[in-house]
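Structural features, examined
Each chain, letter by letter, is given below.
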Amino acid sequence: MEKTPDKISSAAEKNAVLNLKETELRLGLPGSEFLDKKATGFSLFGKDLKDETNKNIFSGAKRVFSDAIDGSNKWGLCINGGSEVDLGKNDVLFSPRGANGGVKNTNILQSSHPAKEVPPQPAKGKKNENGGPSTTPASKAQVVGWPPIRSFHKNKLNTNLSRNNDVAAGKSESSCLYVKVSMDGAPYLRKVDLKTYCSYAELSSALEKMFSCFTIGQYASHGLRGKEEVNECHLMDLLDRSEYVLTYEDKDGDWMLVGDVPWAMFTDLCKRLRIMKGSEASGLAPRVIAKCKSQH
Amino acid sequence: MAYSFPEEVLEYVFAFLSYDKDRNAVSLVCKSWYEIERCCRRRIFIGNCYAVSPQIVIRRFPEVRAVKIKGKPHFADFNLVPEGWGAYVYPWISAMARSYPWLEEIKLKRMVVTDESLELISKSFKNFKILVLSSCEGFTTDGLASIAANCRNLRELDLGESEVEDLSGHWLSHFPDNFTSLVSLNMSCLGSEVSFSALERLVLRCPNLRTLRLNRAVPVEKLPSLLRGAPKLVEFGTGAYSAEIQTDIFSNLVEAFSGCKQLKRLSGFWDAVPAYLPAMYCVCSRITSLNLSYATVQSPDLVELISQCPNLKCLWVLDHIEDAGLKVLSSYCKDLQELRVFPSDPYGAEPNVSLTEEGLVTVSAGCPKLQSVLYFCRQMSNAALITIARNRPNLIRFRLCIIDPQAPDYLTLDPLDTGFGAIVEHCKELRRLSLSGLLTDRVFEYIGTHAKKLEMLSIAFAGDSDLGLHHVLSGCESLRKLEIMDCPFGDKALLANAAKLETMRSLWMSSCSVSYGACKLLAQKMPKLNVEVIDERGHPDLRPETCPVEKLYIYRTVSGPRVDKPDFVWTMDEDAVLRLS
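Residues numbered from 1 in each chain as written. Chains lettered and ligands numbered in written order. Predicted model: local features only at pLDDT ≥ 70, side-chain atom pairs only at ≥ 80, totals over all residues. Heavy atoms only, no water.

1. Observations concerning the overall build of chain B
For chain B, the helix and strand inventory stands at 21 helices and 23 strands. Computed over C-alpha atoms, the radius of gyration of chain B comes to 25 Å, within 12% of the 25 Å expected from 2.2 N^0.38 for 581 residues, which places it in the range of a compact globule. Seen through its principal axes, chain B has C-alpha atoms that stretch 70 × 65 × 65 Å. The 581 residues of chain B split such that 60% are buried. Nonlocal contacts in chain B, meaning residues at least 24 apart in sequence, comprise 70% of its contacts between residues at least 6 apart. As presented, chain B carries roughly 22100 Å² of accessible surface, and 53% of it is formed by carbon and sulfur atoms. A distance of 8 Å separates the average location of the 65 positive side-chain charges in chain B from that of its 70 negative side-chain charges. (Helix = DSSP H or I, 4+ residues; strand = E, 2+ residues; numbered from the N terminus. Rg over C-alpha atoms; globule rule 2.2 N^0.38 Å. Buried < 20%, exposed > 50% of the residue type's maximum accessible area, 1.4 Å probe, protein only. Contact = heavy atoms within 4.5 Å. Areas by Shrake-Rupley, 256 points an atom, 1.4 Å probe, with all protein chains shown as cover. Lys, Arg positive; Asp, Glu negative; His and termini not counted. Charge placed at Lys NZ, Arg CZ, Asp CG, Glu CD.)

Here's what the structure looks like:
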């Protein structure tokens with residue numbers, strides 16, 4: 001999916017290091033090869049939907065526990081549904097994310113069946129079903145609900161500890177860690193812990209996963225019934241029509257496009273995230289420029 | 001000929017009954033006792049805000065003075081319940097504002113409280129005294145300002161671990177100058193700095209202040225003046241407990257602490273610097289409760305502190321305490337009843353501290369009164385669990401979290417079934433249990449067979465089949481709350497034990513294998529339950545009946561399906577006959 005609104009690109013030009021495409025919210029599977037593997041991504045969904053066992057309809061991150069542990073000790077299933085059989089064929093599912101490895105992608109997954117990604121299977125020698133390059137996570141992937149620690153406690157505590165991975169020095173210790181993420185049209189909010197990501201790319205990927213299944217669901221609920229009807233053609237439409245932009249509210253209360261400042265600064269500034277429809281976001285660009293101007 | 005006491009006498013007698021269970025029993029004796037009891041019941045506890053409506057409560061109990069209401073399921077603490085799920089307190093407040101003008105006490109847990117609700121509370125109840133908001137959310141410091149400004153007789157304001165939108169610290173300054181009734185203030189969850197002079201004046205003019213829990217923003221050098229202003233404090237929570245070492249700050253602190261002869265409970269200690277811990281040594285001998293769960297000091301400093309607290313009954317601490325520190329605890333603190341050890345780095349791939357199952361084993365051996373445990377660690381063995389069970393048959397709460405899901409016995413690589421089995425077999429009074437590690441259906445067989453007093457059970461990544469769930473539902477006679485995540489439990493056990501669900505407060509199942517069809521069937525079979533499906537993929541009708549639901553929350557209720565559901569929650573049976581167009 002290509003989305004380069006003119007106004008935004010001029011802001012991008014101002015920041016040479018900026019790579020908006022990385023931070024663009026796109027539908028579908030995570031991975032830098034996304035654009036090339038688009039077709040494969042769809043066929044994966046398609047495969048899911050034709051799955052005879054009727055599990056994982058509309059995939060997303062939903063997966064039945066028994067899929068994960070089918071007695072042959074296979075772990076480390078994909079986030080995006082599908083039986084294990086499919087996994088081996090698609091290395092789109094777990095794309096390497098730099099040093100932190102593919103497992104980091106599972107950050108704050110929807111709560112369903114997150115567990116399978118959690119155990120550091122590669123580290124323990126369990127079979128990694130991901131077709132992609134097997135990676136050893138630098139830190140454990142986070143799973144929603146596990147370990148059972150109150151986010152309140154995590155938030156208050158984390159600013160005590162120094163994180164060994166990531167983060168530019170001089171990072172403010174008083175920054176809020178958990179920020180709410182809303183998506184236009186989505187029925188619910190999510191919370192993400194910005195400190196668990198090292199870059200815009202990771203954040204974007206996590207958000208894609210968090211909200212992608214809603215979008216699929218949304219389109220599906222508009223007149224589509226049953227698995228037969230949700231085929232590649234509709235999903236293609238979905239993708240083309242999907243024009244979401246990631247924005248954030250900064251400490252001044254202004255809404256900015258994500259990606260205008262270095263990551264470390266962003267985690268300090270960001271109070272709240274919002275996945276906006278592209279059409280609404282165009283109004284932001286002038287402010288982005290204006291703000292940049294005022295800061296220079 | 002029947003003689004009976006006059007109503008007034010019965011009422012007088014009933015007034016001595018404070019436990020809900022006793023009151024409930026009394027109300028079942030006969031109609032006239034029911035009538036008398038209901039008119040004089042003063043305290044109400046509602047364990048699930050959706051189990052009953054405000055109208056029903058008010059109709060039955062017209063003279064209530066104190067309510068305690070709980071909202072979201074417990075797993076909401078771990079982000080498993082999406083935002084907007086519900087548990088709004090406003091309908092309760094507005095109904096009570098009309099019917100309970102003499103209400104004095106409101107205690108809420110896991111509810112959504114708006115500023116509007118707080119303002120309504122502050123203006124509707126002339127004699128309002130106690131507000132406790134535990135793990136609540138939805139309000140800002142503006143709401144607190146209303147409470148401060150309008151509740152002339154407020155005694156207790158406890159914000160627990162609520163998520164407050166902190167607009168400014170100005171709210172505290174809204175307590176009027178002639179306001180002197182404060183007994184307890186817990187603002188530890190707030191971020192913003194309050195005006196220190198306003199806080200100091202408040203403390204100085206409230207002679208009955210017994211609990212003061214500050215927030216992180218209050219620096220350590222300001223503590224002495226507060227402590228001096230409240231020498232009768234029983235419970236104190238510091239702010240950030242760090243500063244550059246300055247002898248005068250330190251000595252002021254020592255002096256101030258030593259003036260508090262009744263101090264029993266301490267908490268706070270964010271960013272604690274070891275050098276300031278000794279300032280508390282003078283009060284340690286009286287301390288019964290110590291919450292060091294935000295203090296990232298290392299084991300030797302913790303040990304130094306703890307070894308001076310022989311009367312310690314309750315310790316919350318980070319795993320920095322390590323096995324060595326727990327050994328010291330077990331030899332010095334023989335009165336210990338409750339221990340909670342939290343992980344300092346739960347997401348790290350490797351352990352960062354030397355805390356293993358040994359620490360817990362040692363404490364179980366050395367502390368004969370230990371009854372309540374919450375322990376995060378990275379390895380466990382059946383042998384250790386069996387030893388703990390044998391050492392401490394008096395355990396009432398046992399919550400073990402081995403950080404790796406499905407981690408086996410690290411010595412034998414077996415499942416931890418026998419270990420937990422020993423816990424439920426030996427600890428006959430066990431009321432609460434949280435499992436972790438590699439577990440098969442067998443552990444549930446043990447639980448169903450032995451855990452007859454168990455009221456709350458938390459399960460994650462455990463079991464092999466429906467048999468596991470069946471053991472629990474059919475065997476645990478006292479079960480009230482069951483919460484399950486990521487287990488292979490499906491339709492069979494649930495449907496076979498449908499009637500059991502009406503004897504429980506609630507059942508939560510997320511990432512399991514319960515099908516949509518089974519949910520509908522269950523709801524049809526059991527009309528007194530609300531079977532709520534939470535599914536982010538859109539209406540379950542869009543998927544086949546056999547498709548598992550994402551999350552399921554089932555609870556008994558006398559007020560039918562709830563009317564404030566968000567888009568992603570469906571009540572079965574009511575919706576089963578409706579179709580989305």
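2. Considerations on the packing of helix α6 (residues 115-124) of chain B against helix α7 (residues 141-150) of chain B
Residue and element names in this part refer to chain B. Contact pair α6 / α7: the axes reach a minimum separation of 8 Å and the direction vectors enclose 5 degrees. The orientation of α6 relative to α7 falls into the category roughly parallel. Residues Asp-115, Leu-118, Glu-119, Ile-121, Ser-122 and Lys-123 of α6 form the contact with α7, whose own contacting residues are Asp-142, Gly-143, Leu-144, Ser-146, Ile-147 and Asn-150. Of the residues assigned to the contact of α6 with α7, the class counts are four nonpolar, four polar and four charged. (Axes fitted to C-alpha atoms, helices over the stretch in contact; angles between N-to-C directions. Parallel < 35°, antiparallel > 145°, perpendicular 65-115°, else oblique. Nonpolar A, V, L, I, M, F, W, Y, C, P; charged D, E, K, R; others polar.)

3. Regarding the nonpolar core
Tyr-241 and Phe-398 of chain B are the most contacted members of the largest nonpolar core, which has 198 residues in total. Membership of the second largest hydrophobic core comes to 24 residues, among which are Leu-194, Leu-203, Leu-246 and Ile-275 of chain A. (Core = buried A, V, L, I, M, F, W, Y, C linked by side-chain atoms within 4.5 Å.)

4. A short note on the side chain of Ser-434 of chain B
All names here are of chain B. Examined against the element boundaries, Ser-434 turns out to sit in strand β17 (residues 432-434). Taking the relative accessible area as the measure of exposure, Ser-434 reaches 12% and is therefore buried. When near neighbours in sequence (up to four residues on either side) are disregarded, Ser-434 contacts Phe-398, Arg-399, Leu-400, Phe-420 and Ser-458.

5. Brief notes about the packing of helix α1 (residues 7-14) of chain B against helix α3 (residues 31-40) of chain B
Geometrically, a packed helix pair is captured by the angle between its two axes and the distance between the axes. Residue and element names in this part refer to chain B. Look at α1 against α3: their axes get within 10 Å of each other, and the N-to-C directions meet at 55 degrees. Compared by their axis directions, α1 and α3 come out oblique. The way α1 lies across α3 gives a crossing that is right-handed. Contacts from Glu-7, Leu-10, Glu-11 and Phe-14 in α1 reach Trp-33, Ile-36, Glu-37 and Cys-40 in α3. Its residues placed into classes, the contact of α1 with α3 shows five nonpolar, no polar and three charged. (Left-handed = near helix turned anticlockwise from the far one by under 90°.)

6. Some points on a nonpolar patch on the surface
All names here are of chain B. On the surface, Phe-5, Val-9, Tyr-12, Val-13 and Phe-16 cluster together into a nonpolar patch covering about 570 Å² of accessible area. Position of Phe-5 relative to the elements: it lies in the segment before α1. Relative accessible area serves as the criterion here: at 58%, Phe-5 is assigned to the exposed category. (Patch = residues over 30% accessible without salt bridge, like charges linked within 9 Å, V, L, I, M, F, W, Y side chains within 5 Å. Salt bridge = Lys/Arg side-chain N within 4 Å of Asp/Glu carboxyl O.)

7. Examining the sheet that holds strand β5 (residues 272-277) of chain A
All names here are of chain A. Sheet architecture is open: five strands sit in the order β2-β1-β5-β3-β4, paired in mixed fashion. Across the chains shown, the open sheet's two edge strands, defined by having one partner strand only, are β2 (190-193) and β4 (255-257). Recorded for the sheet is a direction-independent mean angle of 35 degrees between the axes of neighbouring strands. Pairing of strand β1 (residues 178-183) with β5, which is carried by four bridges, proceeds in the parallel orientation. From the neighbouring strand, Ser-182 faces β5, where its bridge partner is Arg-274. (Pairing = 2+ DSSP bridges.)

8. Observations regarding empty space enclosed by the protein
Counting across every chain of the model gives 14 cavities of 30 Å³ or more. When its volume is computed, the largest cavity comes out at roughly 350 Å³. Every residue lining the largest cavity is counted, 22 residues in all, and those nearest its centre are Lys-191 of chain A together with Lys-72, Ala-76, Asn-79 and Glu-163 of chain B. The set of elements that each furnish at least two residues to the lining of the largest cavity consists of α7 (151-158) and β2 of chain A. In terms of residue class, the lining of the largest cavity is built from eight nonpolar, four polar and ten charged. (1 Å grid on protein atoms, 1.4 Å probe; cavity = no way out; pocket = protein on both sides within 12 Å on 5 of 7 lines; lining within 4 Å. Points joined across faces, edges and corners; volume = space filled by probe spheres on them.)

9. What to know about unusual backbone geometry
Cis rather than trans, the peptide bond between Trp-146 of chain A and Pro-147 of chain A has omega equal to -10 degrees. Within the element layout of this structure, Pro-147 of chain A appears in the loop between α6 (121-124) and α7. Non-glycine residue Asn-79 of chain B carries a positive phi angle of around 70 degrees. Secondary-structure assignment places Asn-79 of chain B in the loop between β2 (66-70) and α5 (90-99). Owing to a relative accessible area of 19%, Asn-79 of chain B belongs among the buried residues under this scheme. You will see that Leu-413 of chain B, though not glycine, has its phi angle at about 65 degrees, which is positive. Among the structural elements, Leu-413 of chain B can be located in the loop between β16 (397-402) and α16 (417-426).

10. Things to note about the packing of aromatic side chains
Aromatic rings in a pair are described by how distant their centres are and how their planes are angled relative to each other. Residue and element names in this part refer to chain B. Across all of its chains, the model carries 26 aromatic pairs over all chains by this definition. Ring geometry for Phe-125 and Phe-128: centres 6.1 Å apart, planes at 35 degrees, overall tilted. The exposure class assigned to Phe-125 is buried, which follows from its relative accessible area of 3%. Ring geometry for Tyr-241 versus Phe-269: centroids 5.1 Å apart, planes at 80 degrees, classification edge-to-face. Residue Tyr-241 is found in the loop between β10 (235-237) and α10 (247-258), and its partner Phe-269 is found in the loop between β11 (265-267) and α11 (281-284); the two are separated by 28 residues along the sequence. Across this residue pair, the class does not change: Tyr-241 and Phe-269 are buried. What links up through ring pairs into an aromatic cluster is the set Tyr-50, Phe-75, Phe-78, Trp-85, Trp-508, Tyr-553 and Tyr-555. Residue placement shows Lys-222 over the ring face of Phe-196; its charged tip is 5.0 Å from the ring centre. Arg-562 extends its terminal NZ or CZ atom over the ring of Trp-85, reaching a point 4.3 Å from the ring centre. (Phe/Tyr/Trp six-rings, centres within 6.5 Å; stacked < 30°, edge-to-face > 60°. Lys NZ or Arg CZ within 6 Å of the ring centre and 35° of its normal.)

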